[in-house]
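So you can see what is in the structure, the chains are spelled out below.
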Amino acid sequence: MYTLWIANKNYSSWSLRPWILLKALEIPFNEQLSYFEDDKSSYEKFKAFSPTGLVPCLVEGEITVWDSLAIVEYLAENHTQVWPQDRIARAWARSASAEMHSGFATLRQTCAMNCSKQFELREISPELQCDIDRLDALWSDGLTKFGGEWLAGNTFTAVDAFFAPVAFRAQTYGLKFSAISQAWVDRMLKHPAMVEWAEVAAKEPEIEY
Ligand SMILES: N[C@@H](CCC(=O)N[C@@H](CS)C(=O)NCC(=O)O)C(=O)O
């Protein structure tokens, strides 16, 4: 049985990725939630189970896997439904997930995930608009090319999980996307696992950073 260590559902965007993937694919796991310290210095606490002192971290017996991308690839070894079955869709999904994993710095800094609040952005900087435009182009491309409800086809896969935190950010900050991309955001927000995550997030203690 997998154990997945995560932090606050309200704030931990990296935790959401493997969590939503496991839930959406109905892969059983034990959830271990360890709250962030108020001053965000959770390193020592998280170090007890994660070599980097960061979440998410997956444990299976003697094996520990840290970093959301490594966790998804580890799961893919045993669960073929993690990535799309079609080779072209799979290559696209891996590329898009890697792009999310290493990019979109302005979006991360300006629009931190906070599932249960709504904020008005005073301005959208050119850098933020650039990230939004790239997300829109990427999502539209996947939805058009593979013709499904999900980013890389008809089934929910890891690439949807990787962009799940952006769906919450879109809602929180009222980010604007084209109709086809917005339809994916709406579908994500209605996914039962996203609803479950948001419901728990709304009841968590708030942190003032
Ligand atoms: N690249 C890592 C990033 C993990 C990360 O930054 N996690 C944040 C939470 S979302 C964390 O653990 N922060 C610890 C802290 O803020 O004290 C991954 O993909 O898992």
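Residues numbered from 1 in each chain as written. Predicted model: local features only at pLDDT ≥ 70, side-chain atom pairs only at ≥ 80, totals over all residues. Heavy atoms only, no water.

Identification of the chain as Putative glutathione S-transferase from Xenorhabdus bovienii str. kraussei Quebec is taken from an unreviewed UniProt entry.

Looking at the overall build of the chain
Along the chain, the regular secondary structure elements total 9 helices and 4 strands. Helices and strands in the chain line up, N terminus first, as β-α-β-α-β-β-α-α-α-α-α-α-α. On C-alpha atoms alone, the chain measures out to a radius of gyration of 16 Å, which is about the 17 Å that the 2.2 N^0.38 rule sets for 209 residues. Sequence-distant contacts in the chain: of pairs separated by 6 or more residues, those separated by 24 or more amount to 71%. (Helix = DSSP H or I, 4+ residues; strand = E, 2+ residues; numbered from the N terminus. Rg over C-alpha atoms; globule rule 2.2 N^0.38 Å. Contact = heavy atoms within 4.5 Å.)

Remarks on helix 9 (residues 192-202)
Those residues of helix 9 not exposed but buried are Ala193, Met194, Trp197 and Ala201. The buried residues of helix 9 all sit within an arc of 100° when viewed along its axis, so they share a single face. Along helix 9, exposed side chains directed more than 90 degrees from the buried face belong to Pro192 and Ala202. Buried residues along helix 9 sit in contact with strand 1 (2-6), helix 1 (13-24), helix 7 (158-173) and helix 8 (179-190). (Buried < 20%, exposed > 50% of the residue type's maximum accessible area, 1.4 Å probe, protein only. Arc of directions from axis to C-beta.)

Considering the side chain of Thr3
Turning to its location among the elements, Thr3 is positioned in strand 1. Those residues within four positions of Thr3 in sequence are excluded, and the remaining contacts are Asn30, Gln32, Cys57, Leu58 and Val59.

Some details on the sheet that holds strand 4 (residues 63-66)
The strand order across the open sheet built from 4 strands is 2-1-3-4, with neighbouring strands paired in mixed fashion. Since the sheet does not close on itself, it has two edges, and those belong to strand 2 (29-33) and strand 4, each with one partner. Across the sheet, the mean angle separating the axes of adjacent strands is 20° when strand polarity is ignored. In the packing of helix 1 onto the sheet, the strands contacted are strand 1 and strand 2, and the crossing angle to strand 1 comes to about 145°. (Pairing = 2+ DSSP bridges. Axes fitted to C-alpha atoms, helices over the stretch in contact; angles between N-to-C directions.)

Some thoughts on the side chain of Thr172
Within the secondary structure, Thr172 is located in helix 7. Polar contacts involving the side chain of Thr172 include one to the main-chain carbonyl oxygen of Lys117, which spans 3.3 Å. Among residues more than four places away in sequence, those in contact with Thr172 are Asn114, Cys115, Lys117, Gln118 and Phe119. (Polar contact = N/O pair within 3.5 Å; in protein donor to acceptor, adjacent residues only side chain to side chain.)

Some words on the packing of helix 6 (residues 126-146) against helix 8
In contact at an axis separation of 8 Å, helix 6 and helix 8 are set at 85° when each is read in the N-to-C sense. It follows that helix 6 is roughly perpendicular to helix 8 by the angle criterion. Facing helix 6, whose interface residues are Asp136, Trp139, Ser140, Leu143 and Thr144, helix 8 presents Ile180, Ser181, Trp184, Val185 and Arg187. (Parallel < 35°, antiparallel > 145°, perpendicular 65-115°, else oblique.)

As for the domain arrangement of the chain
The domain architecture assigned to the chain consists of domain 1 (2-80) and domain 2 (87-194). A C-alpha centroid distance of 21 Å is found between domain 1 and domain 2. Here domain 1 meets domain 2 over a buried area of about 1700 Å², counting both sides, of which 67% is carbon and sulfur. Summed over the three residues of domain 1 that lose the most area to domain 2, namely Asn10, Arg17 and Ile20, the buried surface amounts to 33% of that side. Scanning the region where domain 1 abuts domain 2 turns up 1 salt bridge. Across the salt bridge formed by Glu73 and Arg94, the nearest N and O atoms sit 3.0 Å from each other. Where domain 1 packs against domain 2, one counts 6 residue pairs in polar contact (both at pLDDT 80 or more). Listing elements by their share of the side of domain 1 that touches domain 2, those giving two or more residues are helix 1 and helix 3 (68-78). A per-element tally of the side of domain 1 that touches domain 2 places helix 1 first, with 9 residues. Residue composition of the side of domain 1 that touches domain 2, by class: 10 nonpolar, 4 polar and 5 charged. (Domains from an automatic or database assignment. Buried area = accessible area lost by both parts, 1.4 Å probe. Salt bridge = Lys/Arg side-chain N within 4 Å of Asp/Glu carboxyl O. Nonpolar A, V, L, I, M, F, W, Y, C, P; charged D, E, K, R; others polar.)

Considerations on the pattern of salt bridges
Tallying each qualifying case throughout the model produces 7 salt bridges. Among the ionic pairs, Lys9 bridges to Glu31, the shortest N-O distance being 2.8 Å. Separated by 22 residues along the polypeptide, Lys9 in the loop between strand 1 and helix 1 and Glu31 in strand 2 bring together distant segments of the chain. The class for Glu31 is partly exposed, based on a relative accessible area of 33%. Salt-bridge contacts for Lys145 lead to Asp141; the nearest nitrogen and oxygen are separated by 3.2 Å. Of this pair, Lys145 and Asp141 both sit in helix 6, separated by 4 residues, roughly a single helical turn. Residue Asp141 is classed as partly exposed on the basis of its relative accessible area of 30%.

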